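Examining the three-dimensional arrangement
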Amino acid sequence: MTDITKIILAEDDNDMRRFLVKALENAGYEVVSFDNGLSAYHRLREEPFELLLTDIVMPEMDGIELARRAAELDPDIKIMFITGFAAVALKPDAGTPKDAKVLSKPFHLRDLVNEVQKMLAA
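Since the structure is predicted, the reported quantities are computational estimates derived from the model, not experimental observations.

Along its 13 residues, helix α1 (residues 14-26) runs 18 Å from first to last C-alpha, staying within 8% of the 18 Å computed at 1.5 Å per residue. Of all the residues in α1, the buried ones are Met16, Arg17, Leu20, Val21, Ala23 and Leu24. Take α1 and look down its axis: the buried residues cluster within an arc of 170 degrees, on one side only. Opposite its buried face, α1 presents the exposed residues Arg18, Phe19, Lys22 and Asn26, each directed more than 90 degrees away. Those residues of α1 that are buried are in contact with β1 (6-10), β2 (30-34), β3 (51-55), β4 (78-83) and α4 (109-121). The residue sitting at the N-terminus of α1 and contributing the capping side-chain oxygen is Asp13; that oxygen lies 3.0 Å from the backbone nitrogen of Asp15.

Here it is in structure tokens:
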């Protein structure tokens, strides 16, 4: 029996979150989703995930802070940001984990799944 890859998702837009969960589950991943970074962070402290998929702009704890803390908890976690603000994206000095990937909205769910597969295979 193969281990199912576990993805933790933080996205404050409910519709977007549902789409993402559905696409990733259809691709065979186990997805645990939260509508804010703080809740996702608490869950990350409880169990390991292979991939953190997070929106950058969120209430309570933004995606960059969440990613930083996730990488402190587990240096091997893969991180992908989704954002509608490409320009905001990642400044080199933002303290974001170096291998993080950014996917700008709007994107096709197929693209998302492809990127996730590539990251997890790396």
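So, about the nonpolar core. Counting residues in hydrophobic clusters, the biggest one holds 20 residues, and the most contacted among them are Ile8, Leu44, Leu52, Leu66, Ile77, Ile79 and Phe81. Sorting the residues of this core by element identifies β1, β2, α2 (37-46), α3 (63-73) and β4 as the ones contributing at least two each. Looking at which element gives the most residues to this core, the answer is α3, with four residues. Those residues in contact with Leu44, other than ones at most four positions away along the chain, are Ile8, Phe49, Leu66, Ala70, Leu73 and Ile77. With 19 residues, the next largest nonpolar core counts Leu9, Val21, Tyr29 and Leu112 among its residues.

The next subject is the pairing of β4. The buried count for β4 comes to five of six residues, which makes it a mostly enclosed element. Of the strand pairs in this sheet, β3 and β4 are connected by five bridges, and their pairing is parallel. Among the inter-strand pairings, Leu51 is bridged to a residue of β4, identified as Lys78. At this point the chain moves from β3, through α3, to the parallel β4, and the crossover so formed is right-handed. Across four bridges, the pairing between β4 and strand β5 (residues 101-104) is parallel. Of the residues in β5, the one forming a bridge with Ile82 is Leu103.

Parameters and conventions
Along each chain, residue indices are assigned from 1 in the same order as the chain's sequence is written. Residue-level local features of this predicted model are given only where pLDDT is at least 70; pairs of side-chain atoms are given and counted only at 80 or more, and the full residue set underlies all totals for whole chains, interfaces and linings. Neither water nor hydrogens contribute to the side-chain values; these are computed over all heavy atoms in the structure. Here a strand is any run of E in DSSP of at least two residues, a helix any run of H or I of at least four, and the numbering for each starts at the N terminus. Take the residue count of a helix, subtract one, and multiply by 1.5 Å to get its expected span. Exposure classes here rest on a 1.4 Å probe applied to the protein chains alone. A residue is buried below 20% of its type maximum, exposed above 50%, and partly exposed in between. When we speak of the arc, we mean the arc of directions from the helix axis to the C-beta atoms. Residue contacts are counted whenever heavy atoms from the two residues lie within 4.5 Å of one another. Under this definition, polar contacts are N or O atom pairs within 3.5 Å; protein pairs additionally need one hydrogen-donor-capable and one acceptor-capable atom, and for neighbouring residues in sequence, both atoms have to be side-chain atoms. We define the nonpolar core as a collection of buried residues of types Ala, Val, Leu, Ile, Met, Phe, Trp, Tyr and Cys that are connected through side-chain atoms lying within 4.5 Å of one another. Between any two strands, pairing holds if DSSP finds at least two bridges. A crossover counts as right-handed when, viewed with the strands pointing away from the observer, the path leading from the first strand over the helix to the second turns clockwise.

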